[in-house]
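Take a look at the letters that make up each chain.
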Amino acid sequence: MKHSVPRIHAEHLPALLRAMPKAELHMHIEGSLEPELIFALAERNGVQLPYADVEALRAAYAFTDLQSFLDIYYAGASVLLHEQDFYDMARAYLNRAVADNVVHTEIFFDPQTHTARGVGMETVINGLYRACRDAEIEQGISASLILSFLRHLSEEEALQTLEDALPLRDRFIGVGLDSSEVGNPPEKFARVFGRCRELGLHLVAHAGEEGPPAYIWGALDVLHVERIDHGVQAEKDPVLMQRLVDEQIPLTVCPLSNLKLCVVDSLAAHNLPQLLKAGLKVTVNSDDPAYFGGYVNENYLQLFEATGMGAQEAYQLARNSLEASFVAAAQKEQWIALLDETFAQFARRTGDV
Ligand code: ADE
Ligand code: ZN
């Protein structure tokens, strides 16, 4: 049932989008490395970068598709060597998330990007985990980690990565699947996801970012994922759309990412409003905020500006994000009550009721 949302004047919408409590469910921590931090870490660790300075690196952020981005993204991550580097990167992101009124975040990390360079699994996970715990204590944000397998690598490598991470099993809540989508269908990872399922880990996968609806079917039916990351190509398949509505499978959509990777021609042409209207459980996320021009609030602001969505949609998207998270039901209820209170207060304060 549709929740009744107080009327809010359009001029107050940006402040409302910023203020509403929200969860972020699709953000790659390596994609939060700002050029300034990349250069600072390169200097600290004596790593040579193929860019003269911050401006030259930023100038290279002109992507034509997913692969053109991934090439630069993996190069940027090469500055991460020590536990403190992973800690500093995650604290920088968590500071941004707190500023955006993110109450809960589920952070992807790509261990294979680091272990392939000789960085230990425990270095990666312990640095990220310590940052999450410190931010929780000092800033009140809830944060957990999702280990992502790189789909351009083999399933054997994913299985080995899982084995390497299992001694730290209590430090991540689930697994995901990312990197080059087309040509690497979900079926390639059936065994490793089966094993993760037996272990009781939460399961998500990127599907239908650039790849066809068949990859979303595969993620659901072969990998048994609980959420689809991106999923915007679902609109090409009406039967799939109905399934996503019936089962209320969350989609973690990333508008600025889709724009910068040329999945859509403009934000005005993004299909998120249509997906939401069709009854899909859509959420808004930043994906790789340092590369795509904005953290989660910037995604909401630019999308709403371009599409003309209003307070009702804002409420639904924030509520979806909280409901689609992997926290306990009682915690979700608390945050939804806070969301309701924020909307009520906002309407009172801005004289809209
Ligand atoms: N890794 C980081 N960002 C990604 C994206 N948008 N798609 C696939 N893999 C990624
Ligand atoms: Zn992603």
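Along every chain, residues carry numbers that run from 1 in the direction the sequence is written. Chain letters start at A and ligand numbers start at 1, both assigned in the order the entries are written. Given that this is a predicted model, residues contribute local features only at a pLDDT of at least 70 and side-chain atom pairs are listed and counted only at 80 or more, while totals for whole chains, interfaces and linings are drawn from all residues. Hydrogens are left out, water is left out, and the side-chain values use all remaining heavy atoms of the structure.

Looking now at the coordination of the zinc ion (ligand 2). Sites may look incomplete because water is not among the atoms; the donors themselves are N, O and S atoms within 2.8 Å of the metal, or within 3.2 Å for Na, K and Ca. The protein atoms donating to the zinc ion (ligand 2) are His26 (NE2), His28 (NE2), His206 (NE2) and Asp287 (OD), with metal-donor distances spanning 2.0 to 2.3 Å. Geometry assignment treats four donors as tetrahedral when all angles are between 85 and 135 degrees, treats four as square planar and six as octahedral when opposite donors are over 155 degrees apart and all others between 65 and 115, and treats everything else as irregular. Coordination at the zinc ion (ligand 2) comes from four donor atoms whose angles at the metal span 85 to 175°, giving a geometry best classed as irregular. Coordination of the zinc ion (ligand 2) draws on donor residues from a single chain, spaced H-x1-H-x177-H-x80-D in sequence. Taken together, the positions of His206 in strand β5 (residues 202-207) and Asp287 in the loop between β8 (281-284) and α14 (289-292) put the pair 81 residues apart, joining distant regions of the chain. Using a 1.4 Å probe on the protein chains alone, a residue whose accessible area is under 20% of its type maximum counts as buried, one over 50% counts as exposed, and one in between counts as partly exposed. The class of Asp287 is buried, set by a relative accessible area of 3%. Helix and strand labels come from DSSP, where a helix needs a run of H or I of at least four residues and a strand needs a run of E of at least two; each type is numbered from the N terminus.

With that settled, the discussion passes to empty space enclosed by the protein. Only protein atoms enter the calculation, which uses a 1 Å grid: trapped sets of points that fit a 1.4 Å probe without letting it out are cavities, open sets showing protein on both sides within 12 Å along at least five of seven lines are pockets, and any residue with an atom within 4 Å of a point is a lining residue. Grid points are joined across faces, edges and corners, and a volume is the space filled by probe spheres set on the points. Applying the stated criterion across every chain, the model contains one cavity of 30 Å³ or more. Approximately 90 Å³ is the volume attributed to the largest cavity. In terms of lining, the largest cavity is formed by 14 residues, of which the most central are His28, Leu66, Phe69, Leu70 and His206. Looking at which element gives the most residues to the lining of the largest cavity, the answer is helix α4 (residues 66-76), with five residues. We call Asp, Glu, Lys and Arg charged. Ala, Val, Leu, Ile, Met, Phe, Trp, Tyr, Cys and Pro are nonpolar, and the rest, Gly among them, are polar. By residue class, the composition of the lining of the largest cavity is five nonpolar, four polar and five charged.

A few words on the sheet that holds β5. Ordered in space as β1-β2-β3-β4-β5-β6-β7-β8, the eight strands form an open sheet in which the pairing is parallel. Looking at which strands have only one partner, the edges of the open sheet turn out to be β1 (22-28) and β8. Each strand of the sheet is rotated relative to its neighbour by a mean of 25°, with strand direction disregarded. Any two strands between which DSSP finds at least two bridges are classified as paired. In this structure, strand β3 (residues 142-150) lies alongside strand β4 (residues 174-178), joined through five bridges in parallel fashion. Of the residues in β4, the one forming a bridge with Ser148 is Gly176. Whether two residues touch is decided by their heavy atoms; if any such pair falls within 4.5 Å, the residues are in contact. Here an axis means a line fitted to C-alpha atoms, over the contact stretch when the element is a helix, while the angle between two N-to-C directions is reported on a 0 to 180 degree scale. With respect to the sheet, helix α7 (residues 121-139) is in contact with β2 (102-109) and β3, its orientation differing from that of β3 by roughly 160°.

Turning next to the UniProt feature "binding site: substrate" (unreviewed entry) in the protein. UniProt positions are given in the numbering used here, feature names are shortened, and annotations may be inferred rather than shown by experiment. Here the UniProt-annotated "binding site: substrate" (unreviewed entry) positions come out as Asp288. When you line up the elements, Asp288 lands in the loop between β8 and α14. Note on Asp288: relative accessible area 2%, which makes it buried. Not counting residues within four places of it along the chain, the set of residues in contact with Asp288 comprises His28, Gly31, Phe69 and Tyr73.

Turning our attention to the packing of aromatic side chains. Within 6.5 Å between ring centres, the rings of Phe, Tyr and Trp (the latter by its six-membered ring) count as paired, and their orientation is classed by plane angle as stacked under 30 degrees, edge-to-face over 60, tilted in between. Under the counting rule described, the total for this entry stands at twelve aromatic pairs. By the ring-pair criterion, three or more aromatic residues cluster together here, those being Tyr61, Phe63, Phe69, Tyr73, Tyr74, Tyr291 and Phe292. Should the NZ of a Lys or the CZ of an Arg lie within 6 Å of a ring centre and within 35 degrees of the ring normal, that charge is described as sitting over the ring. For the cation-ring pair, Arg133 lies above Tyr129, with the distance from its terminal atom to the ring centre recorded as 4.6 Å. Taking the ring centre of Phe326 as reference, the NZ or CZ of Arg227 above it sits at 4.1 Å.

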